[in-house]
Amino acid sequence: MPAYSGKFQYLDVGGAPLQQGAGEISFDSETFLVTPAAGAPLAFDLGDVDVVAPGEWELSLQLYTGRRMLLRQFGPAFGRLCEELLSAWRDRTVRCLLLEDLEEIGRFRGAVNGPAAEIRIYGSNLAVLPLGGPAVQWRLADLDSVAFHESTFTYHLLSGDRKLAIGKLAQKTGEFGETLRGAVDALRRRTAEGLHQMFPFLDAGPLQQLLVLAPEGRSVKLSALAAIHPSLPEALVARAVDQPLKPYFDSLRARAAADAVMAGFKFVRLDETAATPDAPADAEGADAGPPLFFWFFFPLAGRDIVAWESASRGGGATYFFRAGRPVEESIQRLTRGLAVVNFHREPVYLPDASLDQEARFHRYAIGRRKLPELNDLRAAFLGRAIHSSLEAWEQQVAQAAGVAS
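Owing to the predicted nature of the structure, the values given are computational and were not obtained by experimental measurement.

Quick word on the overall build of the protein
Summing up its helical and strand segments, the protein has twelve helices and 20 strands in all. C-alpha extents for the protein along the principal axes are approximately 70 × 50 × 40 Å. Counting all 405 residues of the protein, 53% fall into the buried class. Sequence-distant contacts in the protein: of pairs separated by 6 or more residues, those separated by 24 or more amount to 55%.

Structure follows, in structure tokens:
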């Protein structure tokens, strides 16, 4: 654990000192600790730091509570302190953004929308870890465009109404563009190859329509798939739903509003470990093509409730969410929330007390603060029904979603 001696100020939201003086600063991969020359030590999770702002001889750590930690007078060791602390903060932030189990393919230093930042490119996501601002993550499948402006040597990324301008990459400018475009193109190629293997009866035209309609990580109506090819909906169900899951699937489908069921898929790595018993895994195994994780949304007839079912290796539970109107837009918001947490379930269903009080889940509590989509997802969550037996599941469905069994 690195340790440095200098002075600190711990300030309240108004900027008044709560504690200050000389002390020793130390930190590891998760925890920041100040041991003052007099008084009780101060400790907090590095994930609780929303903004890091280094100055020439001062380092400011802005906590989510609004309080700040100022570090100064560390002499020649100040530069090393900043570098090591920034590295630890970025790594912890990535874990709290729930990106740690993704494949990292590139890391760059530049400027994003003005402030200096480190940009990490993953096989399916982009993380921006800036100085002086909050960290963010984007899914590559949600990118609408990537354009390079030669006049400013800046890349402009668009995703809906969100924009990122990434520049000041110096000699890495070309490499960054190649890495980002390579990751986006690889994801699109993989999607095309995966959908072709799933639906070999589609020729080039309908397959292209399907790629536009149903990119990786997005939900689409089964009835919209039927408009591309009448065999598509049932072919998807046959590919995704195994025999242990079928009774639960059929029951939910019978409860759903007419022509309202939506489905989607994402790729998972062969070595991706399960965070929960019903975590992403391919239903047919590695020999059946790319490892895929499927899901279905069932808007329940006559109710502002949607059931979500993961359909790989039978899944472990049905999840219920409150849905707004229009339901399709609500389902897309739920999909984005699930995608942001890489479809792990624990961040969704664990109670606040577990997230706040159990160390092994604390990064989810931090993620809830840093990821508005996760916060919205938890707010919409109503309950779940475990696939222990169909009879027990029906009882839990009635309790979790208020659906007559």
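Here the narrative resumes.
Topic: the sheet that holds strand β13 (residues 154-159)
The strand order across the open sheet built from seven strands is β11-β10-β9-β8-β14-β13-β12, with neighbouring strands paired in antiparallel fashion. Where the open sheet ends on each side, the last strands, each with one partner, are β11 (136-139) and β12 (145-149). Neighbour-to-neighbour, the strand axes of the sheet open up by a mean angle of 30°, direction not taken into account. The sheet contact formed by β12 and β13 spans five bridges and is antiparallel. For V146, the partnering residue across the bridge sits in β13 and is L157.

Considering the confidence of the model for the protein
Any residue range with low pLDDT should be treated as having predicted coordinates unsuitable for detailed reading. Predicted confidence across the protein gives a mean pLDDT of 89, with 92% of residues reaching 70 or more. For the protein, the element scoring lowest by mean pLDDT is helix α12 (residues 390-401), at 86; strand β7 (residues 68-72) scores highest, at 97. Taken together, the stretch residues 270-288 has pLDDT below 50 and engages in 40 contacts with residues farther than four places along the chain or on a different chain.

Scoring rules and cut-offs
- Residues numbered from 1 in each chain as written.
- Predicted model: local features only at pLDDT ≥ 70, side-chain atom pairs only at ≥ 80, totals over all residues.
- Heavy atoms only, no water.
- Helix = DSSP H or I, 4+ residues; strand = E, 2+ residues; numbered from the N terminus.
- Buried < 20%, exposed > 50% of the residue type's maximum accessible area, 1.4 Å probe, protein only.
- Contact = heavy atoms within 4.5 Å.
- Pairing = 2+ DSSP bridges.
- Axes fitted to C-alpha atoms, helices over the stretch in contact; angles between N-to-C directions.
- pLDDT = per-residue confidence, 0-100.

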